[in-house]
Amino acid sequence: MGGSGKSLLDAATHLTGIVKSAQVPCDAKDPIAALSDALGDGPFALVILFASPCSDFKSVVAEATQALPTEHVIGCTTAGELGRGGYDEKTIVAMGLPASHFAAAPMLIPDLEDLDQQEIVGQMIRTRTILTSQAPEWQHEFAFLAVDGLSVKEDEVVSAISSGLGPVPLFGGSAGDGDRFGATLVSLDGQVHAHAAVLCFVRTICPVHVFSLDHLKPTEIRMVVTEADPKRRIVRKINAEPAAREYARLLGKDPEQLSAFTFAAHPVVVRFGGTHHVRAIQRVLDNGDLVFFSAIDEGLVLALAEPEDMATHLERELNAIGKGRKPDAIFACDCILRRVEAQEKQATTALSQIMANNRVVGFSTYGEQINSMHVNQTMTGVAIFAPDGE
């Protein structure tokens, strides 16, 4: 997949306000030393690393934990990075939250096959209590979740942690592996984990706004999932017909021509609680089954969705978040399918410019989380604003 086309010869500083950000190419001779120089002296409460799969992720996070002036380092592999020039790839992006304005408490959810909700929620409550005692005068909070993007467990994870969040808004992203879908990893304080998640609570003096946005509108074209394998997120039949063939028929397309762009340009949505949520298709199997990025089940009624112009929508929505005030930074998780659609529609440059203008940093994902929902083909994130007087 193509990125923004910019090459980074040296570490590049992205954000120069309260929140710091820097990025280097994967093949930089000493990436952590370069990132450290670009980020500055800190100290940081938290540094988050978004690493292209072309990097040596284990070495990167181990060295970062030792070398960077921070209490905690968390990170994940990506399906592309959001950096200095918007969409980028084959880079390592670091975001630093200074200890002068932030306190952070990350925790590991180590085994997504054996989720113990009671234990997880208990640990969450203890973690939040400790964090509150560290910065009782700071009133703003959010939680960030990084989860193995090939675990097929994101829906279960957000369900398990939802009761432990209390009033804290959560957003997150599923770790990626470019367009290879081979191995997706998360990290906490130098240790790399597969089939795991890292949940991080952040408390700050800075006003924050957690958000989720997508540019899709449901149409009147409906379909029913009539045969599925929910554990593997596979749909075998739609409207009692082979899934890929029926999906293609509803689009007026040849089922042999279905591609990643088809799925990005023509997603399906499900309606919950008065709002629509995307159920994005990942790929079609040789037997005509459809593999989805998030939970799917028999009896689910899906609607085809049509996209609004991506650049117009993104600029409008990011402006609305700030309500006329420019964020110090926006930390975002952006679905890989948005990147695919942008490339196919030649909108990458426009979207990259909008993200750069709004100080967006983050990564492209295999799925996103917002509060108690796992979603697709969205951008979730947190806008961070300077405190009054700064």
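What you are looking at is a predicted structure, and each value in this text was computed from that prediction instead of being measured.

Describe the packing of aromatic side chains, and please don't skip the residues or the numbers.
Tallied over the entire structure, the rule returns 10 aromatic pairs. When the centroid spacing of 5.6 Å and the interplanar angle of 50° are considered together, the rings of Phe50 and Phe331 count as tilted. With a gap of 281 residues between them, Phe50 in strand S3 (residues 44-51) and Phe331 in strand S23 (residues 329-335) connect regions that are remote in the sequence. Each member of the pair, Phe50 together with Phe331, is buried. Clustering of aromatic rings is evident, with ring pairs tying together Phe50, Phe142, Phe144, Phe171, Phe331 and Phe363.

So what about the sheet that holds strand S24 (residues 360-365)? Which residues, and what values?
Taken in spatial order, the 6 strands of this open sheet run S6-S5-S24-S23-S27-S14, and their pairing is mixed. In this open sheet, the two edge strands, each paired with only one partner strand, are strand S6 (86-88) and strand S14 (208-213). Taking the axes of each pair of neighbouring strands and ignoring which way they run, one obtains an average angle of 20° across the sheet. Pairing of strand S5 (residues 81-83) with S6 involves 3 bridges; the strand directions are antiparallel. Note on S6: the bridge partner recorded for Leu82 is Tyr87. Each of S14, S23, S24 and strand S27 (379-384) touches helix H7 (residues 310-322); the most contacted strand, S14, lies at about 155° to it.

Describe the packing of helix H3 (residues 117-134) against helix H4 (residues 154-162), listing the residues and the values that go with them.
It is the contact of H3 with H4, at a shortest axis distance of 8 Å, that shows an interaxial angle of 55°. With respect to their mutual orientation, H3 and H4 come out oblique. Seen from above, H3 lies across H4 with right-handed handedness. Two secondary-structure elements touch here, H3 through Gln117, Ile120, Val121 and Met124 and H4 through Ser159, Ala160 and Ile161. Looking at the contact of H3 with H4, its residues break down into 5 nonpolar, 2 polar and no charged.

Parameters at a glance
- One numbering rule holds for all chains: residues counted from 1, following each sequence as written.
- Predicted model: local features are reported for residues with pLDDT of at least 70 only, side-chain atom pairs are reported and counted for 80 or more only, and whole-chain, interface and lining totals are derived from all residues.
- Think of the side-chain values as coming from all heavy atoms in the structure, minus any hydrogens and water.
- Any two of the Phe, Tyr and Trp rings considered here, Trp counted by its six-membered ring, make a pair once their centres fall within 6.5 Å; the pair's planes then place it as stacked at under 30 degrees, edge-to-face at over 60, or tilted in between.
- Runs of H or I in DSSP of at least four residues are treated as helices and runs of E of at least two as strands, each being numbered from the N terminus.
- Buried, partly exposed and exposed residues are distinguished by accessible area as a fraction of the type maximum, computed with a 1.4 Å probe on protein chains only: under 20%, between the cut-offs, and over 50%, respectively.
- Between any two strands, pairing holds if DSSP finds at least two bridges.
- Lines fitted to the C-alpha atoms define the axes, with helices restricted to the stretch that makes contact. Angles between their N-to-C directions range from 0 to 180 degrees.
- Throughout, a contact is declared for two residues whenever any of their heavy atoms are within 4.5 Å.
- The labels follow the angle: roughly parallel below 35 degrees, roughly antiparallel above 145, roughly perpendicular from 65 to 115, and oblique for the rest.
- The sense of a crossing depends on the near helix, which, turned anticlockwise from the far helix by less than a right angle, makes the crossing left-handed and, turned clockwise, makes it right-handed.
- Side-chain classes follow a simple rule in which Ala, Val, Leu, Ile, Met, Phe, Trp, Tyr, Cys and Pro form the nonpolar group, Asp, Glu, Lys and Arg form the charged group, and the remainder, Gly included, forms the polar group.

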